[in-house]
Amino acid sequence: MATHAGGLNAAPAVEIRNLVRSFGSRAVLNNLSLDIRKGEFVALLGRSGSGKSTLLRALADLDDTVAGSGRLEAPEKTSVVFQDARLLPWKNVLANVVLGLEAEDAGARARAALAEVGLNGREKAWPMELSGGEQQRVALARSLVRDPELLLADEPFGALDALTRLRMHDLLRQLCARHRPAVLLVTHDVDEAIALADRVLVLDGGEIVADIAVDIPAPRDHGDRRFGEIRNELLGHLGVGAHAPLPA
């Protein structure tokens with residue numbers, strides 16, 4: 001099977017045990033346990049309110065005001081890519097990529113990262129001059145220039161048109177194979193999850209109710225019989241009929 005993973009015996013990059021996160025009396029994450037191995041690409045599906053964003057924020061260490069318990073071990077070198085590229089409009093592309101990067105060779109590393117995402121020569125462009133897909137490429141470069149051991153992606157392609165989205169899938173797949181971070185992708189798109197991930201998780205009621213290995217060689221054909229079987233299995237766990245869109 002062709003995967004992004006660093007092998008079945010790779011050490012965990014993320015270890016979560018009995019994680020609880022609560023808002024008032026409601027437990028959004030309920031004794032959740034999960035391992036993500038180094039180099040492994042994991043996609044996370046779930047209805048709105050299932051706890052996906054809460055889990056991502058916990059891994060990104062952005063939930064210090066939320067009540068909770070349990071053990072969570074994640075790499076210090078963690079980067080996050082959001083649906084909104086979140087570029088500073090008053091800084092050019094290069095300045096956005098090096099933002100907060102403290103290294104003598106920050107400029108050279110940023111130029112190399114931009115070349116990786118196909119934006120060499122656009123270093124002096126302003127964010128408003130870029131298309132949505134190009135802005136997300138800058139966001140990817142900004143994340144990867146830090147050589148993260150864990151890449152968290154919160155619906156990074158949700159605002160893109162279908163063709164640009166497919167191109168970004170190819171780019172993300174190539175970049176992850178090259179840099180080999182552990183990846184957790186939060187998405188509402190079942191086909192996107194199957195196309196990209198080594199494993200797809202379904203979160204419901206704050207618990208992981210399905211953990212399905214995507215045993216299809218890459219590149220993956222949406223019309224492949226096994227692709228359809230995994231899609232229908234995931235939709236079943238999500239409580240959605242086959243071929244129906246996942247509710248936002």
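The residue numbers shown here count from 1 along each chain, following its written sequence. Only residues with pLDDT of 70 or above have their local features reported here, since the model is predicted, and side-chain atom pairs are shown and tallied only from 80 upward, although totals for entire chains, interfaces and linings are computed over all residues. Hydrogens are left out, water is left out, and the side-chain values use all remaining heavy atoms of the structure.

In the nomenclature of an unreviewed UniProt entry, the protein chain corresponds to Sulfonate transport system ATP-binding protein from the organism Rhizobium leguminosarum. UniProt positions are given in the numbering used here, feature names are shortened, and annotations may be inferred rather than shown by experiment. UniProt's Sequence similarities (unreviewed entry) comment on the protein chain is quoted here verbatim: "Belongs to the ABC transporter superfamily."

Once that is clear, we can look at the pairing of strand S9 (residues 207–213). Two strands qualify as a pair provided that DSSP identifies no fewer than 2 bridges between them. Helix and strand assignments come from DSSP, with helices taken as H or I runs of at least 4 residues and strands as E runs of at least 2, each series counted from the N terminus. Both strand S8 (residues 199–204) and S9 contribute to a ladder of six bridges, which runs antiparallel. By the bridge assignment for S9, Arg199 is matched with Ala213. Turn length for the S8-S9 hairpin, with the two strands adjacent in sequence and antiparallel, is two residues, and the turn residue Gly205 shows positive phi of about 60°.

Now for the UniProt feature "domain: ABC transporter" (unreviewed entry) in the protein chain. Under the present numbering, the feature "domain: ABC transporter" (unreviewed entry) in UniProt falls on residues 14–230. Secondary structure across residues 14–230 comprises 32% helix and 29% strand; the distance between its end C-alpha atoms is 25 Å.

Moving on, we get to the sheet that holds strand S5 (residues 78–82). A sheet is described by the order of its strands in space; here six strands give the open sequence S5-S6-S7-S3-S8-S9, paired in mixed fashion. Each edge of the sheet is formed by a strand with only one pairing partner; in this case those strands are S5 and S9. With strand direction ignored, the average angle separating the axes of adjacent strands in the sheet is 20°. Residue contacts are defined here by distance: any two heavy atoms, one from each residue, within 4.5 Å place the two residues in contact. Axes here mean lines fitted to C-alpha atoms, for a helix over just the part in contact, with angles spanning 0 to 180 degrees between N-to-C directions. In the packing of helix H4 (residues 132–144) onto the sheet, the strands contacted are S5 and strand S6 (150–154), and the crossing angle to S5 comes to about 170°.

With that out of the way, let us pick up the pattern of salt bridges. Definition used for salt bridges: Asp or Glu carboxyl oxygen within 4 Å of a side-chain nitrogen of Lys or Arg. Under the defined criterion, the tally for this structure stands at 15 salt bridges. Residues Asp211 and Arg199 are paired through a salt bridge, measuring 2.8 Å at the closest nitrogen-oxygen approach. Here the residue Asp211 occupies a position in strand S9, and Arg199 occupies one in strand S8, the gap between them amounting to 12 residues. Partly exposed describes any residue whose relative accessible area lies between the buried limit of under 20% and the exposed limit of over 50%, with all areas from a 1.4 Å probe on protein chains only and scaled to the type maximum. Judged by relative accessible area, Arg199 falls into the buried class, the value being 15%. A salt bridge links Arg226 to Asp215, with the nearest nitrogen and oxygen atoms 2.9 Å apart. Taken together, the residues Arg226 in helix H7 (residues 225–238) and Asp215 in the loop between S9 and H7 connect sequence positions 11 residues apart. Residue classification places Arg226 among the partly exposed residues on the basis of a relative accessible area of 25%. Each of Asp215, Arg225, Arg226 and Glu229 takes part in salt bridges that share partners, so that together they form one network.

Let us look at the packing of H4 against helix H5 (residues 162–179). Orientation of H4 relative to H5, taken along the N-to-C sense of each, is 15°, at an axis distance of 11 Å. Between H4 and H5, the interaxial angle falls into the category roughly parallel. The two elements H4 and H5 cross, and the hand of that crossing is right-handed. Where H4 approaches H5, its residues Gly133, Gln136, Arg137, Leu140 and Leu144 are matched on the opposing element by Thr164, Met168, Leu171, Leu172, Leu175 and His179. Working rule for angles: under 35 degrees goes down as roughly parallel, over 145 as roughly antiparallel, 65 to 115 as roughly perpendicular, anything else as oblique. Crossing handedness is defined as follows: a turn of the near helix away from the far one that is anticlockwise and smaller than a right angle gives a left-handed crossing, while the clockwise case is right-handed.

Position of Asp84 among the secondary structure elements: in the loop between S5 and helix H2 (93–98). In the structure, Asp84 is positioned 55 residues away from Ala139 in sequence and 8.9 Å away in space, judged by C-alpha atoms. Contacts described as polar in this section are N or O atom pairs within 3.5 Å, which, within protein, must combine one atom able to donate a hydrogen with one able to accept it, while residues neighboring in sequence count only if both atoms come from side chains. Within the structure, the side chain of Asp84 is placed 2.9 Å from the backbone nitrogen of Arg86, a separation counted as a polar contact.

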